[in-house]
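An overview of the molecular structure
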Amino acid sequence: AALRRDPTVERLALGGLVDTEVLELIERTFGGRLDDASTSLVHALGRETDGNPFFAGELLAHLAESGALHHDDAGGLVFEGSIAAQGFPDSVREVIGRRIDRLGDSTSRALTAASVIGRDFDLGLLAGVLDSDSDDLLDLLEEATSANLLTSGRSDQFSFTHALAEHALYEGLSLSRRSRLHRRVAESLEARSGVDGLSHSAELAYHWSRTDEVATAIVHARAAGREALAQLGPDQAVRWFEQALDLLASKGRPDDLQRADLLTDLGEAQRQAGEPAYRQTLLDAAHLAQSRGATSVVARSALANHRGDTASSGQVDEERVAVLEGALATVDQADSASHALLLATLASELQWAPDWQRRLAVSDAGLAMARRLAEPATLATVLSA
């Protein structure tokens with residue numbers, strides 16, 4: 001206050017280091033240039049520390065001691081692995097811990113629960129997790145904001161200033177306590193689903209997967225994957241379906257039919273993402289579904305295993321053809337969209353087969369069925385195939 005009255009004093013607001021300055025810090029500290037493949041370290045440090053020089057320096061020293069950051073034979077700097085995989089140095093934990101301890105037990109408890117939600121969290125959600133009054137909780141969060149542990153954005157939205165603070169609080173929890181808090185977060189999110197116009201599938205999948213409710217986590221991971229596909233995010237969908245399959249595998253005796261269904265979802269996402277593995281994923285799904293007599297899953301996987309043209313010029317993909325024929329042999333023989341599409345897809349796969357009369361017969365049967373159905377979308381798809 002006394003300095004403010006002195007006209008010769010200039011007040012400076014210091015921000016964190018930006019990425020170019022973090023890079024300079026790394027290269028000056030250790031000597032040598034960071035190779036292009038290791039530039040992810042620069043972004044990760046900025047993200048974890050918000051450019052705080054002390055935290056950045058301590059993390060770099062820790063990475064060097066662990067060997068994750070080292071010099072190659074040419075003297076350049078190479079970073080391998082991830083910051084999270086190396087853990088966080090005690091010096092950083094101590095600094096953050098002391099800052100949090102000064103705020104008292106109530107604020108510490110609130111921040112610990114917030115760390116389970118994530119770096120960004122909502123006051124209302126945190127109040128639901130803690131079963132606390134929002135106004136009382138807001139007082140605690142504003143105190144943490146004044147201590148530079150949190151930042152507040154739009155109404156009732158808060159973020160940890162440094163991701164390190166969130167990690168330090170989260171890692172301080174026992175596994176049992178983490179599981180309990182993740183369950184509370186998931187239950188609070190479910191109570192809000194639909195009320196705020198959002199599904200929260202991705203968040204629910206994340207939090208349920210960290211409890212012992214595997215079946216519930218699978219349901220939400222699959223829903224998150226399908227939402228990602230609907231929003232034209234196949235890469236993200238692939239990750240969610242893979243997580244669902246990993247969760248299913250963690251069960252003592254996984255359900256083969258559920259696995260076939262999830263493999264079909266994954267194959268569809270891989271196809272849209274341009275991953276060549278989609279073909280084998282969908283074949284695996286079809287074979288597994290066939291072994292369990294799941295006709296609808298066989299048909300779905302067979303139809304998904306097609307890009308709208310033949311697999312390769314001049315060759316017939318015999319394995320795909322066999323799956324399509326198997327699906328046609330078991331599907332309800334009455335007129336249906338899936339039946340017509342299976343016929344059209346088989347005709348397309350048979351483009352390079354020597355028996356052109358069979359191909360024409362299959363194609364005509366599919367087209368005739370589509371015309372009888374009088375469904376424009378089905379007819380358009382059959383015609384294009």
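Rules used throughout
- Residues numbered from 1 in each chain as written.
- Predicted model: local features only at pLDDT ≥ 70, side-chain atom pairs only at ≥ 80, totals over all residues.
- Heavy atoms only, no water.
- Helix = DSSP H or I, 4+ residues; strand = E, 2+ residues; numbered from the N terminus.
- Rg over C-alpha atoms; globule rule 2.2 N^0.38 Å.
- Buried < 20%, exposed > 50% of the residue type's maximum accessible area, 1.4 Å probe, protein only.
- Contact = heavy atoms within 4.5 Å.
- Areas by Shrake-Rupley, 256 points an atom, 1.4 Å probe, with all protein chains shown as cover.
- Lys, Arg positive; Asp, Glu negative; His and termini not counted.
- Charge placed at Lys NZ, Arg CZ, Asp CG, Glu CD.
- Pairing = 2+ DSSP bridges.
- Axes fitted to C-alpha atoms, helices over the stretch in contact; angles between N-to-C directions.
- 1 Å grid on protein atoms, 1.4 Å probe; cavity = no way out; pocket = protein on both sides within 12 Å on 5 of 7 lines; lining within 4 Å.
- Points joined across faces, edges and corners; volume = space filled by probe spheres on them.
- Nonpolar A, V, L, I, M, F, W, Y, C, P; charged D, E, K, R; others polar.
- Expected span 1.5 Å × (residues − 1).
- Arc of directions from axis to C-beta.
- Salt bridge = Lys/Arg side-chain N within 4 Å of Asp/Glu carboxyl O.
- Patch = residues over 30% accessible without salt bridge, like charges linked within 9 Å, V, L, I, M, F, W, Y side chains within 5 Å.
- Phe/Tyr/Trp six-rings, centres within 6.5 Å; stacked < 30°, edge-to-face > 60°.

In terms of regular secondary structure, the protein is built from 20 helices and five strands. Against the globule reference of 21 Å for 385 residues, the protein gives a C-alpha radius of gyration of 28 Å, more extended than a compact globule. Expressed as lengths along the three principal axes of its C-alpha atoms, the size of the protein is roughly 95 × 60 × 45 Å. Of all 385 residues assigned to the protein, the portion counted as buried reaches 42%. Pairs at least 24 apart in sequence give 59% of the contacts found in the protein among residues at least 6 apart. Total accessible area computed for the protein in this model is approximately 20,100 Å², and 50% of it derives from carbon and sulfur atoms. Computing the positive centroid from 36 side-chain charges and the negative centroid from 59, the protein places the two 2 Å apart.

For the rest of this paragraph, the subject is the sheet that holds strand E3 (residues 120–122). Strand pairing in a sheet relies on backbone hydrogen bonds, with the paired strands running either antiparallel or parallel. The sheet built from three strands is open, its strands ordered E3-E5-E4 with antiparallel pairing. Each end of this open sheet is capped by a strand with a single partner; those strands are E3 and strand E4 (150–152). Neighbouring strand axes in the sheet, compared pairwise and without regard to direction, differ in orientation by 30° on average. As paired elements, E4 and strand E5 (residues 157–160) share three bridges and run antiparallel to each other. Within the sheet, the bridge partner assigned to Ser-152 lies in E5 and is Phe-158.

On to empty space enclosed by the protein, then. Applying the stated criterion across every chain, the model contains one cavity of 30 Å³ or more. If you add up the space inside the largest cavity, you get close to 50 Å³. Surrounding the largest cavity, Leu-282, Ala-286, Ser-301, Ala-302, Asn-305, Arg-320, Val-323, Leu-324, Thr-345 and Glu-349 form its lining. Contributing elements (two or more residues each) for the lining of the largest cavity: helix H15 (278–291), helix H16 (295–304), helix H17 (318–330) and helix H18 (337–349). In terms of residues, the lining of the largest cavity owes the most to one element, H17, which gives three residues. For the lining of the largest cavity, the residue count by class is five nonpolar, three polar and two charged.

Bringing helix H1 (residues 19–30) into the picture now. Taking 1.5 Å of rise per residue, the 12 residues of H1 would be expected to cover 16 Å, and the 17 Å separating its terminal C-alpha atoms lies within 8% of that figure. Looking at H1, one finds that the buried residues are Val-22, Ile-26 and Glu-27. For H1, the arc enclosing every buried residue in end-on projection is 130°, short of the 170-degree limit, so these residues lie on one face. The outward face of H1, more than 90 degrees from its buried face, is lined by the exposed residues Thr-20 and Arg-28. Tucked inside the fold, the buried residues of H1 contact helix H2 (40–49), helix H3 (53–66) and strand E2 (77–79). Immediately downstream of H1, the backbone of Gly-31 shows phi near 75°, a positive value.

Applying the stated rule across the entire model yields 18 salt bridges. Put simply, Arg-28 and Glu-24 hold a salt bridge, and the shortest N to O gap is 2.7 Å. Placement of the pair is Arg-28 and Glu-24 together in helix H1, with a separation of four residues, close to one helical turn. In this structure, Glu-349 engages Arg-320 in a salt bridge whose closest nitrogen and oxygen atoms are separated by 3.4 Å. You can see Glu-349 sitting in helix H18 and its partner Arg-320 sitting in helix H17, a full 29 residues away along the chain. Note on Glu-349: relative accessible area 1%, which makes it buried. Accessibility expressed as a relative area gives 4% for Arg-320, which makes it buried.

It is worth spelling out unusual backbone geometry at this point. Even without a glycine there, the phi angle at Asp-156 is positive, about 65°. Tracing the backbone through its elements, the reader meets Asp-156 in the loop between E4 and E5. The class of Asp-156 is partly exposed, set by a relative accessible area of 36%. Within the chain, Ala-374 stands out as a residue other than glycine whose phi angle is a positive 55°. Here Ala-374 lies in the loop between helix H19 (356–373) and helix H20 (376–384). Classification of Ala-374 as exposed rests on a relative accessible area of 61%.

What follows concerns a negative patch on the surface. Side chains of Asp-133, Asp-135, Asp-136, Asp-139, Glu-142 and Glu-143 sit close together on the surface and give a patch of like negative charge. Relative to the helices and strands, Asp-139 resides in helix H8 (residues 134–146). You can call Asp-139 partly exposed: its relative accessible area is 48%.

In this section: the packing of aromatic side chains. Taken as a whole and assessed by the stated rule, the structure comprises three aromatic pairs. Considering the side-chain rings of Phe-54 and Phe-55, the 5.7 Å spacing of their centres and the 55° angle between planes classify their relative orientation as tilted. What makes Phe-55 buried here is its relative accessible area of 2%. Centroid distance Phe-121 to Phe-158: 6.0 Å. Interplanar angle 15°. Geometry classified as stacked. Linking Phe-121 in strand E3 with Phe-158 in strand E5, this pair joins segments that are 37 residues apart in sequence. These aromatic residues form a ring-pair network of at least three members: Phe-121, Phe-158 and Phe-160.

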